[in-house]
Amino acid sequence: MPFITLEEHYISSEVRSANDEFASFPAHITQKLSSLSTERIQDMDSGNVALQILSHAPGTYPPALCTSTNNQLAQAISQNPKRLAGFALLPMGDPISAASELERCVREHGFLGALVDNHINGRFYDGPEFRVVFEKAAELDVPIYLHPSWASPEMLEHYKGGYADEVAVAMSAFGWGWHSETAVHVLRLYASGLFDEVPGLKIVLGHMGEMLPFQMERVVGVAGRWGLRRGFQEVWDSNFWITTSGMFSLAPLACLLRTTKIERVLYSVDYPFSDNKKGADFVERIKESGLMSAEDLEKFAHGNAEFLFGVGPV
Ligand code: GRE
Ligand code: ZN
């Protein structure tokens with residue numbers, strides 16, 4: 001069964017030389033992040049990935065660096081148009097530039113949307129200055145993928161206690177905080193009235209929905225008292241798409257499938273932080289578990305992505 005995956009990262013050569021943060025990744029990860037052709041395509045082949053929709057690894061950069069990075073990605077896609085597609089990197093610190101970069105990437109490069117960091121220096125995107133980005137995405141009819149990102153110094157305080165810095169960083173990152181902070185961000189976007197104002201907005205979340213499916217009953221109840229026109233359940237059902245990126249276990253998948261329509265549940269890997277082969281093994285386990293019918297598995301593996309992005313069939 002061919003897969004389309006949509007939380008698959010790269011780093012551009014310019015970002016790599018301008019930032020030392022990527023030096024902290026193991027060398028083989030940095031190498032895979034930097035590959036936009038041979039190694040990446042080989043890894044895709046070994047995990048049955050027909051089409052990767054690439055996005056930059058976490059980090060928010062100034063407009064000029066986003067533009068050159070997006071141009072580098074567009075160039076790589078043009079070499080392998082059947083195998084690679086793109087999400088734009090947006091300069092979210094400058095929302096007006098972010099909106100126009102999104103438009104440029106979609107119209108000129110055929111990008112399929114954007115993937116954005118969960119915050120910019122601890123600021124979420126529920127403020128009025130960010131509406132322009134969401135309105136542009138809705139106008140272009142492309143999704144915004146909201147991706148966890150490293151805690152700001154203020155966010156990190158919350159995780160510190162008296163423990164070693166590494167403990168706080170780990171807690172604030174992919175062990176917990178990345179996901180809970182992204183879930184809080186979704187609640188704040190909802191509370192701000194974004195989905196009443198921009199009802200056609202498409203948001204993608206990774207990691208089985210960033211803890212929200214587990215909390216769905218409470219969230220729907222609480223959010224029902226916030227005076228918004230569209231309830232959280234309606235917004236979840238019509239504005240959100242969820243991927244399995246980096247989470248290959250059946251328990252959260254079962255929870256996701258109980259709270260979310262199958263048409264909104266999409267396979268993804270989180271390459272190269274997760275492994276395409278392990279992802280393919282997970283799909284085998286899903287098959288054996290009986291959690292999805294054969295028809296649902298096809299939607300999950302590629303059909304839903306084909307529909308959402310108007311690509312393929314792979
Ligand atoms: C991710 O995108 O999920 C990710 C990173 C960096 C380290 C680990 C990780 O971007 O899972
Ligand atoms: Zn990721």
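Small disclaimer: the values here were computed from a predicted structure and weren't measured.

Participant: Teacher, can you tell me more about the packing of aromatic side chains here?
Facilitator: Each pair of aromatic rings is reported with the distance of its centres and the angle of its planes. Summed over the entire model, instances satisfying the criterion amount to 14 aromatic pairs. The interplanar angle of 25° and the centroid separation of 6.1 Å between the aromatic rings of Phe-232 and Trp-236 together place this pair among those described as stacked. Taken as a pair, Phe-232 and Trp-236 lie in helix H13 (residues 232-239) at a separation of four residues, close to a single helical turn. The residues Phe-232 and Trp-236 share a single accessibility class, namely buried. Feature note: the residues Tyr-190, Phe-195, Trp-226, Phe-232, Trp-236 and Phe-240 constitute an aromatic cluster, connected by ring pairs. Across the ring face of Trp-241, the terminal group of Arg-264 is positioned such that the distance to the ring centre comes to 3.8 Å.

Participant: Looking at this structure, I do not really get the site of ligand 1. What am I missing?
Facilitator: Around ligand 1, the neighbouring residues are His-9, Phe-25, Pro-58, His-147, Trp-150, Phe-174, Trp-178, His-207, Asp-270 and Phe-273. Within the contact set of ligand 1, an oxygen atom lies 3.1 Å away from a side-chain nitrogen or oxygen of His-9. At 3.1 Å, a side-chain N or O of His-147 approaches an oxygen atom of ligand 1. When ligand 1 is considered free in solution it has 290 Å² of accessible area, and contact with the protein chains removes 90% of it.

Participant: Looking at this structure, I do not really get the coordination of the zinc ion (ligand 2). What am I missing?
Facilitator: For a metal bound by four donors in a tetrahedral arrangement, the ideal donor-metal-donor angle is 109.5 degrees, while six donors in an octahedral arrangement ideally sit at 90 or 180 degrees. Around the zinc ion (ligand 2), the donor atoms from the protein are Glu-7 (OE), His-9 (NE2), His-147 (NE2) and Asp-270 (OD), and they sit 2.0 to 2.4 Å away. Sequence positions of the donors to the zinc ion (ligand 2) reduce to the motif E-x1-H-x137-H-x122-D. Taken together, the positions of Glu-7 in strand S1 (residues 3-10) and Asp-270 in the loop between strand S8 (265-266) and helix H15 (276-289) put the pair 263 residues apart, joining distant regions of the chain.

Participant: How should the sheet that holds strand S2 (residues 49-56) be read in this particular structure?
Facilitator: Adjacent strands of a sheet form backbone hydrogen bonds with each other and so pair up, either parallel or antiparallel. If you walk across this open sheet you meet the three strands as S1-S2-S3, and the pairing is parallel. Both outer strands of the open sheet, S1 and strand S3 (84-86), are each paired with one neighbouring strand and no more. Ignoring strand direction, the axes of neighbouring strands in this sheet form an average angle of 30°. Taken together, the three bridges between S2 and S3 define a ladder with parallel strand orientation. Across the sheet, the residue bridging to Gln-52 is Leu-84, located in S3.

Participant: Explain the packing of helix H4 (residues 63-79) against helix H5 (residues 95-109) here, please?
Facilitator: Between H4 and H5, the least distance of the axes is 11 Å, while the angle of their chain directions is 15°. Comparing the axis directions of H4 and H5 gives the class roughly parallel. Read as a crossing pair, H4 and H5 show a hand that is right-handed. Facing H4, whose interface residues are Pro-63, Cys-66, Thr-67, Asn-70, Asn-71 and Ala-74, H5 presents Ser-97, Glu-101, Arg-104, Cys-105 and His-109.

Participant: Whenever I open this one, the pairing of strand S4 (residues 114-117) confuses me. Can you help?
Facilitator: Looking down a regular strand, the side chains alternate between one sheet face and the other. Relative to strand S5 (residues 144-147), S4 runs parallel, the two being bridged by four bridges. Across the sheet, the residue bridging to Ala-114 is Ile-144, located in S5. In the classification by handedness, the crossover that spans S4, the intervening helix H6 (residues 131-140) and the parallel S5 is right-handed.

Participant: Honestly, the environment of His-185 in this entry has me stumped. Any pointers?
Facilitator: When you line up the elements, His-185 lands in helix H9 (residues 177-191). Taking the C-alpha atoms as reference, His-185 lies 22 Å from Leu-253; in sequence the two are 68 residues apart. Once residues within four sequence positions are removed from consideration, His-185 is found in contact with Asn-118, Phe-124, Tyr-125 and Leu-146. Side-chain polar atoms of His-185 contact the backbone oxygen of Asn-118, separated by 2.8 Å. Side-chain polar atoms of His-185 contact the backbone nitrogen of Tyr-125, separated by 3.0 Å.

Participant: How do you make sense of a nonpolar patch on the surface when you look at a structure like this?
Facilitator: Side chains of Trp-150, Val-169 and Phe-174 sit close together on the surface and give an oily, nonpolar patch of about 300 Å² of accessible area. Note on placement: Phe-174 falls in the loop between helix H8 (165-172) and H9.

Participant: Mind showing me how you'd approach the packing of helix H12 (residues 212-223) against H13 here?
Facilitator: How two helices pack is summed up by the angle between their axes together with the distance between the axes. Across the interface, H12 lies against H13 with an axial gap of 8 Å and an inter-helix angle of 135°. For the element pair H12 / H13, the angle class is oblique. Of the residues in H13, those in contact with Leu-212, Pro-213, Met-216, Val-219, Val-220 and Ala-223 of H12 are Phe-232, Gln-233 and Trp-236. Class assignment for the residues of the contact of H12 with H13 results in eight nonpolar, one polar and no charged.

The rules we used
- Residues numbered from 1 in each chain as written.
- Chains lettered and ligands numbered in written order.
- Predicted model: local features only at pLDDT ≥ 70, side-chain atom pairs only at ≥ 80, totals over all residues.
- Heavy atoms only, no water.
- Phe/Tyr/Trp six-rings, centres within 6.5 Å; stacked < 30°, edge-to-face > 60°.
- Helix = DSSP H or I, 4+ residues; strand = E, 2+ residues; numbered from the N terminus.
- Buried < 20%, exposed > 50% of the residue type's maximum accessible area, 1.4 Å probe, protein only.
- Lys NZ or Arg CZ within 6 Å of the ring centre and 35° of its normal.
- Near = heavy atom within 4 Å.
- Polar contact = N/O pair within 3.5 Å; in protein donor to acceptor, adjacent residues only side chain to side chain.
- Areas by Shrake-Rupley, 256 points an atom, 1.4 Å probe, with all protein chains shown as cover.
- Donors = N, O, S within 2.8 Å, 3.2 Å for Na, K, Ca; no water.
- Pairing = 2+ DSSP bridges.
- Axes fitted to C-alpha atoms, helices over the stretch in contact; angles between N-to-C directions.
- Parallel < 35°, antiparallel > 145°, perpendicular 65-115°, else oblique.
- Left-handed = near helix turned anticlockwise from the far one by under 90°.
- Contact = heavy atoms within 4.5 Å.
- Right-handed = clockwise from strand over helix to strand, strands pointing away.
- Patch = residues over 30% accessible without salt bridge, like charges linked within 9 Å, V, L, I, M, F, W, Y side chains within 5 Å.
- Salt bridge = Lys/Arg side-chain N within 4 Å of Asp/Glu carboxyl O.
- Nonpolar A, V, L, I, M, F, W, Y, C, P; charged D, E, K, R; others polar.

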